[in-house]
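Structural characterization, general
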Amino acid sequence: MASSERSALLTYRLCGGSGEEERGRERGRAAAAAAAPRKLPTFLGVVVPTLLSMFSVVLFLRLGFVVGHAGLYQALAMFAVAYFIIGMTVLSVCAIATNGALDAGGAYYMISRALGPEFGGSIGIMFFLANVCGSALYVLGLVEAVVDSFGIPPGQKAGTGVHVLPQSYWYELLYGTVLLALCLLVCLVGASIYAKATFLIFLIVAGVLGTILVSFFATRPIGVPIRLPRFNGSEIENGSFTGFSLATLRDNLGGGYGVDYTTGQMMSFSSVFAVMFNGCTGIMAGSNMSGDLKRPSYSIPRGTISAVLFTYLVYNLLAFLMCATCNRTLLQKDYGFLRDISIFPPLVTVGIYAATLSAAMSNLIGASRILYALARDDLFGRALVLAKKTSASGNPVMAVILSWLVVQLVLFSGKLNTIAGVVTTFFLLVYATVNLACLALEWASAPNFRPTFRYFTWHTCLLGIAGCCVMMFLISPVSASASLGFLLVLLLALHYLSPSSTWGYISQALIFHQVRKYLLMLDVRKDHVKFWRPQMLLMVQNPRGSARLIDFVNDLKKSGLYVLGHVELQDLDALPSDPLQPQQDSWLSLVDKLNVKAFISLTLAPSVRHGVRQLLFTSGLGGMRPNTLVLGFYDDAAPQDGLAQHPAFTSAREEVPLGFPPLRAPADPKLLSAREYVGIVADALKMLRNVLLARQLESLDKAWELRRAASPPPAIHVWPVNLLRPDSARYADTCSLFLLQMACVLNMARAWRRARLRLFLCVEAGAMPHAQEEKLRQLLKDLRIQAQIQLVPWDAVTRLHWQTRRGPPGGPAPAGEEEEEEGAVNFPANATQVSDEYVCAANKLVLEQSPAPAVRFLYLPRPPADTSLYPLYLHQLELLTRGLGPTVLVHGVSAVTSTQL
């Protein structure tokens, strides 16, 4: 078994990473395969079903109709167009069929494994309906032939001789039901009996076809009376078989579209093509038996191509012989004229019955195999659970019965030509999707797409798709539009409701191919401040305590890159394998459940600081790299498990991901020290990354804040001044502008649009506050930021700061102060010159501004150059933000605003 086509390697299940449920499903399939070994060779399993499906109604009952209405030239053009379309499709089928192992389901199996469950399931349903309608079409064709041979002529109350069958809608429905029951019995026995029956029928059809070809040469010219039904009885017209005649050939060269005597509708190129194309829709008959073939990857290409070439030659030959020997009246008005001109008419009748019965069985068993494959893949849940049941020999008997019931419903349409357009539309749509599957595999350039059949290119796939779509709308725009609409509904339903699969999604391969191409085109040398956007790296120690922070940063990213980073403190040299790989699924599930658009980046490092450095250096690709580092605040607050209370996990059906460890207990030591934490901030600024420190974001109930019916609406408070350095406070430096930008970006997020920005301008007495306010208002206008400006006197606060300095305000500055003023933001010893009393006063000033906002944005000073002052720096940040609620400290190093177009 290891070397067979069903081995795990060839079907790409070796590396599929399937779960226990999928492995159980695979064991069930293997058991079913062992119970029902594959028996059918190429000729019996592919060539014979394909030939009989294509040589059914059209060959014996509708080829004269096609040639009579379209003429020889247009008929040959129809054959060329139809076989061009199916030829391109056959090439795609052969390519997919030889790219690994095939299972039951034929075209459905190919499409689902190539395009994923959404496309596969929806096209599987469409292909099932196409086979169902096709089976009904052939049954109606057989009923038509039976009634034509044994029915009581129109206008007569009693039959004579062999014409004993009553004719009416209900009687013909009864005949169709009986014939369909016969097909059902054969299909219930199993594929081997079906193959033997079809081979016997094939011998009969081959003999009849030979008789017909001989008849064109052996039969003398005769007149053929044609009885046509009318409302008040019947009417007889005379057709004629002239033998080979140049005059007859000339008369039949051009088109002569007339009224179809069975439906009363005027024929056209598209309506005749719809009927004719049904003779080409049998190319999937062999593929549908893929689960019963000995070597499907070998049999399907050779058998299908052989059958298609043979039928194309026969159709063209017969079209020429008909045009050269039969007048247009005989071709248009007598569907069974081949029997009238045959040297042995009963044999033609038997051939018609056998071919149409075989085609009906072929479509019925094909529909059942597709339905069984759909049910086995569990794409529609319990809706198709009955179709999974099989007999002891592995025959899907319930799928056969369900398919039979649907065919029985279609029989109520009553007329062959009525459903011909619908059948053609369904098959064209399936063929277009097969071409699309092959095209997608070719364009994705996946290394594992290397079919042994190489006689195809993406050009043939594209031509097949275009041909199918054009002919679909030419034949019946209404049916085509309805089919596409139904297909779209199925796609959406399966996308949202079907379980995930391990088949592989071609969309992922195509996305990878395109993303790689566009990433190479994303040139960092062409970056411009006008198109700047935040690209976030949020460091998360344990998602259980950071759920709301993750959600908040998702609102801040503004369609930019968002990476969740995590550092695992372990040494790979001391481990048998990478411990991060098992954690990936938990993190990806977290992203899905929280509905955030983020990537995951995990790393191993001896310390958190080293790990963050690694992520800052390596996260992202090309022009998509994080430019902003986001950290939670370092304080002594006990972590709270916000994941269990998050709306995404409060449903009874959901479970909190078990891959994350419990939160740190308050008494447990932290993974990093205060000095290391500030060192991470300093490292990020040295690497020219903006830094955001988020404090108490887990207390932010965004849903309540933004949906409460309170007035005024929720506010976002913005303090763009360095509160820890009042003597160098400016509102237009790079950091202040970055802080304004981040507050504005949050306000632009859909969930925060109701919030209002409030910008606080700290002023001192005698400093012309109105002039400062006007200047700031003009800056906001130039930056297109809508915010309310509020003046805040802070003389009492700054007085506390000056009392700790070595000179009065306005007095001589200490030595070196002039040089330090130039780089006030980077003043290394500033932390030692700010008292706790001043910081507490600044904290109180911020806290007194009412009403309380949903979130505050504060200026984050740069860490001191002296690393020994890191603990003092962090202590001052803790005092400044104590009790403020959700607060974001911001330090920006890159220009992010522009007043240009």
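Analysis parameters
Per chain, residues are indexed from 1 in the order of the written sequence. Confidence filtering applies because this is a predicted model: local features only for residues at pLDDT of at least 70, side-chain atom pairs given and counted only at 80 or more, and all residues used for totals across whole chains, interfaces and linings. To get the side-chain values, all heavy atoms of the structure are used, and hydrogens and water are removed first. Secondary structure elements are defined from DSSP: runs of H or I of at least 4 residues count as helices, runs of E of at least 2 residues count as strands, and each element is numbered from the N terminus. When a residue's accessible area, from a 1.4 Å probe over protein chains only, is under 20% of the maximum for its type it is buried; when over 50% it is exposed; and in between it is partly exposed. Should any heavy atoms of two residues lie within 4.5 Å, those residues are counted as being in contact. Think of a 1 Å grid over just the protein atoms. A cavity is a set of points where a 1.4 Å probe fits yet cannot get out, a pocket is an open set with protein on both sides within 12 Å along at least five of seven lines, and lining residues have an atom within 4 Å of a point. Grid points are joined across faces, edges and corners, and a volume is the space filled by probe spheres set on the points. When residues are grouped by polarity, Ala, Val, Leu, Ile, Met, Phe, Trp, Tyr, Cys and Pro land in nonpolar, Asp, Glu, Lys and Arg in charged, and all others, Gly among them, in polar. Here, the term nonpolar core denotes a set of buried Ala, Val, Leu, Ile, Met, Phe, Trp, Tyr and Cys residues that are joined through side-chain atoms within 4.5 Å. The definition used for a disulfide is geometric: two cysteine sulfur atoms within 2.5 Å. Here a strand pair is declared whenever DSSP counts at least two bridges between the two strands. Axis lines are fitted to C-alpha atoms, over the contacting stretch for helices. Their N-to-C directions set the angle, which ranges from 0 to 180 degrees. The rule for a salt bridge is simple: a side-chain nitrogen of Lys or Arg has to be within 4 Å of a carboxyl oxygen of Asp or Glu.

1. A few points about the overall build of the protein
Each helix and strand in the protein was counted, giving 30 helices and 12 strands. Going through the 901 residues of the protein one by one, you find that 54% of them count as buried. In the protein, once contacts between residues fewer than 6 apart in sequence are set aside, the share between residues at least 24 apart is 81%.

2. What about the layout of surface pockets?
By volume, the largest pocket amounts to about 1400 Å³. Forming the walls of the largest pocket are 47 residues, and the residues nearest its centre are Gln-541, Asn-542, Gly-545, Ser-546 and Pro-639. Elements with a minimum of two residues in the lining of the largest pocket: α20 (547–556), β4 (562–569), α21 (581–594), α22 (608–618), β6 (628–632), α23 (674–686) and β7 (690–695). The element best represented in the lining of the largest pocket is β4, accounting for 4 residues. In the lining of the largest pocket, the residues fall into 25 nonpolar, 14 polar and 8 charged.

3. Focus: the nonpolar core
Counting residues in each nonpolar core, the largest one holds 167 residues, and the members touching the most others are Phe-60, Ile-86, Phe-216 and Leu-338. Top contributing element to this core by residue count: helix α3 (residues 57–97), with 25 residues. If we skip the residues at most four places from it in the chain, Phe-216 touches Phe-241, Phe-244, Leu-318, Leu-321, Met-322, Thr-325, Leu-338 and Ile-341. Within the second largest apolar cluster, 114 residues are counted, among which are Leu-549, Leu-561, Val-591 and Val-896.

4. Some points on the state of the cysteines
In the structure shown here, the tally under the stated rule is 0 disulfides. Just so you know, Cys-438 is unpaired, no disulfide at all, and the nearest cysteine sulfur is the one on Cys-461, 3.7 Å from it. Classification of Cys-438 by relative accessible area gives buried; the value is 0%. The closest cysteine sulfur to the non-disulfide-bonded Cys-469 is located on Cys-468, 6.7 Å from its own sulfur.

5. A short note on the sheet that holds β4
The mixed open sheet is built from 10 strands, whose spatial order is β5-β4-β3-β6-β7-β12-β11-β8-β9-β10. The sheet terminates laterally at β5 (599–605) and β10 (788–793), the two strands that pair on one side only. Adjacent strand axes in the sheet meet at a mean angle of 25 degrees, parallel and antiparallel pairs treated alike. The sheet contacts of α23 involve β6, β7 and β12 (887–891), and relative to β6 the element is tilted by about 170 degrees.

6. What about the environment of Leu-429?
Within the secondary structure layout, Leu-429 lies in helix α16 (residues 416–444). Given a relative accessible area of 4%, Leu-429 falls into the buried group. As for Leu-429 and Met-126, which are separated by 303 residues in sequence, their C-alpha atoms are 8.0 Å apart. When sequence neighbours within four positions are dropped, the list of residues in contact with Leu-429 reads Ile-123, Met-126, Met-472, Ser-483, Leu-484 and Leu-487.

7. What to know about the pattern of salt bridges
Scanning all chains against the criterion turns up 12 salt bridges. Across the salt bridge formed by Asp-641 and Arg-544, the nearest N and O atoms sit 3.7 Å from each other. One end of the pair, Asp-641, is in the loop between β6 and α23; the other, Arg-544, is in the loop between β3 (536–539) and α20, and 97 residues separate them in sequence. Relative accessible area serves as the criterion here: at 29%, Asp-641 is assigned to the partly exposed category. Linking Arg-695 and Asp-635 is a salt bridge whose minimum nitrogen-to-oxygen distance equals 3.3 Å. In this pair, Arg-695 sits in strand β7 while Asp-635 sits in the loop between β6 and α23, placing the two residues 60 residues apart along the sequence. Summarising the burial analysis for this pair, Arg-695 and Asp-635 share the class buried. Salt bridges linked by common partners bring Asp-635, Arg-695, Glu-878 and Arg-882 together as one network.

That is the geometry; function is a separate question.
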